[in-house]
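One-letter residues, chain by chain:
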Amino acid sequence: RAMTASEQSSSRNESTSSNLVESSFKAKFLTMKSWKPSNTPSNRDRLELYALHTQAVSGDAFANIQHNSSVADKAKFTAWRNKRGIPSVEAMRLYINECDRQTRVYGNKIGNSQSTSLKNSATTPMNTPNQSSMAASNGSSEYGSILTPRGLAAIPLLCAASSEHREAYIVRMTNTNASNGWWCKQEPLCADPGTYLAIPETVLLQLSTWIESLALSYAQQIKFVHSFICPIHRVFLALWVQIILVSTLFNSAFLSMKTLLYGAKSTGVSIRQIFDEEIVPCGRAARGLCEPHQAVTIRLTGLILLPLVCLCDVAAVVGSGVVGLPGGAVVFAASAVLTW
């Protein structure tokens, strides 16, 4: 039966509302990445934002996580799993509300140049131009904020997704609508969506989304098709892990040299911060890919990236020696260029 005029109008209104929520969600996420609270948020509040964002982007959590995962990874996974069943749009609304609450509670650390005009402000900007202008007024460039740790934090979850059994994958696919696929909810992790630095991830996500969409649209109940696609799904996950780690490698090398040449005030980050948030975690994440409990595709990825582990370890050893962190940064950047 054809839809009545009121039903069509209601459907259009719901679609428009969902689009508005999604655009507000993306804008809020971009502004929160540059948010500098006056007071440090509690771990519980940090986990709440992480769980709501992951639920909105990735949907329900997987059944379990590796038994030997770190305490931090288990806490993130538990927080995400507690949001199971919340629809994507509703999770976006909750994320926006939680962001507004936390910016009111913890405030904003405002630069001296804006202390007069924004002295009493306790909310983050709602759009990217305001975010860019704040970054510029504080003297930081487009490379000033470290984006890749978000990708490194997602690697345990991608590894858990790769460990999904074929039977569980088939059941999940046969119960998933074409518009609610897993890949279509993902977004670049190492750079802002739509930028040149996000091109490798964007290409991978679009290709994997296209394959998943074809399977769900034309063969949702055909288990043989999903059984065939399952290894492809794992390969794409492994490739995504590789892109994250290689992006971290080159971003760290570039940012290290830029900080040495122009100073921490120009880039907005220190050499110590680059080592603590990028170089050392990058080597640790790449080393963890070779552990026996990982899926075969992830272990092969770990073998491919063993030189990256050595590079990070050498840079850390040099940085802790007599030459200090600047010497370690030079060794790291030079080695990255020579061994790319």
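Located above this text is the structure these notes cover.
These notes cover the structure that comes with them. (Residues numbered from 1 in each chain as written. Predicted model: local features only at pLDDT ≥ 70, side-chain atom pairs only at ≥ 80, totals over all residues. Heavy atoms only, no water.)

1. Concerning the overall build of the protein
- Counting its regular elements, the protein contains 14 helices and zero strands.
- Ordering the α and β elements of the protein from the N terminus gives α-α-α-α-α-α-α-α-α-α-α-α-α-α.
- Across the 340 residues that make up the protein, the buried fraction comes to 42%.
- Counted over contacts in the protein with a minimum sequence separation of 6, partners at least 24 positions apart contribute 75%.
- Looking at the protein as shown, the accessible area adds up to about 18000 Å², and 59% of this sits on carbon and sulfur atoms. (Helix = DSSP H or I, 4+ residues; strand = E, 2+ residues; numbered from the N terminus. Buried < 20%, exposed > 50% of the residue type's maximum accessible area, 1.4 Å probe, protein only. Contact = heavy atoms within 4.5 Å. Areas by Shrake-Rupley, 256 points an atom, 1.4 Å probe, with all protein chains shown as cover.)

2. Thoughts on the packing of helix H11 (residues 271–288) against helix H13 (residues 306–319)
- Between H11 and H13, the least distance of the axes is 8 Å, while the angle of their chain directions is 140°. Judged on the interaxial angle alone, H13 and H11 are oblique. The handedness of the crossing between H11 and H13 is left-handed. Facing Phe-275, Ile-279, Cys-282, Gly-283, Ala-286 and Arg-287 of H11, the residues of H13 in contact are Leu-308, Val-309, Cys-312, Asp-313, Ala-315 and Ala-316.
- Along the lines of polarity and charge, the residues of the contact of H11 with H13 split into nine nonpolar, one polar and two charged. (Axes fitted to C-alpha atoms, helices over the stretch in contact; angles between N-to-C directions. Parallel < 35°, antiparallel > 145°, perpendicular 65-115°, else oblique. Left-handed = near helix turned anticlockwise from the far one by under 90°. Nonpolar A, V, L, I, M, F, W, Y, C, P; charged D, E, K, R; others polar.)

3. What about a nonpolar patch on the surface?
- On the surface, Leu-207, Trp-210, Leu-214 and Tyr-218 cluster together into a nonpolar patch covering about 480 Å² of accessible area.
- Within the element layout of this structure, Tyr-218 appears in helix H8 (residues 199–218).
- In this structure Tyr-218 comes out as exposed when scored by relative accessible area, which is 69%. (Patch = residues over 30% accessible without salt bridge, like charges linked within 9 Å, V, L, I, M, F, W, Y side chains within 5 Å. Salt bridge = Lys/Arg side-chain N within 4 Å of Asp/Glu carboxyl O.)

4. Concerning the packing of aromatic side chains
- If you walk through the whole model with that rule in mind, you get five aromatic pairs.
- For the ring pair Trp-182 and Trp-183, a centre distance of 4.9 Å and an interplane angle of 85° mean the geometry is edge-to-face. The two residues Trp-182 and Trp-183 agree in class, both being buried.
- Ring centres 5.7 Å apart and planes at 35° place the aromatic pair Trp-183 and Trp-240 in the tilted group. Linking Trp-183 in the loop between helix H7 (166–174) and H8 with Trp-240 in helix H9 (residues 223–262), this pair joins segments that are 57 residues apart in sequence.
- Judged by its relative accessible area of 2%, Trp-183 is buried.
- Members of the aromatic cluster, connected to one another through ring pairs, are Trp-182, Trp-183, Phe-236 and Trp-240.
- The side chain of Lys-76 reaches across the aromatic face of Tyr-50, ending 5.5 Å from its centre. (Phe/Tyr/Trp six-rings, centres within 6.5 Å; stacked < 30°, edge-to-face > 60°. Lys NZ or Arg CZ within 6 Å of the ring centre and 35° of its normal.)

5. What to know about the environment of Leu-205
- With respect to the element layout, Leu-205 can be found in helix H8.
- According to the relative accessible area criterion, Leu-205 is buried, its value standing at 6%.
- For the pair Leu-205 and Lys-185, spaced 20 residues apart in sequence, the C-alpha separation works out to 9.4 Å.

6. Remarks on the pattern of salt bridges
- Following the criterion strictly, the structure yields nine salt bridges and no others.
- Residue Asp-45 is joined to Arg-101 by a salt bridge in which the shortest nitrogen-to-oxygen separation is 2.9 Å. Taken as a pair, Asp-45 in helix H2 (residues 43–58) and Arg-101 in helix H4 (residues 88–106) lie far apart in primary sequence, 56 residues in all.
- On the basis of relative accessibility, which here comes to 11%, the residue Asp-45 falls in the buried class.
- As a salt-bridge pair, Arg-101 and Glu-98 come within 2.7 Å of each other at their nearest N and O atoms. Residue Arg-101 and its partner Glu-98 are located together in helix H4, separated by three residues, close to a single helical turn.
- When its relative accessible area of 12% is taken as the criterion, Glu-98 is described as buried.

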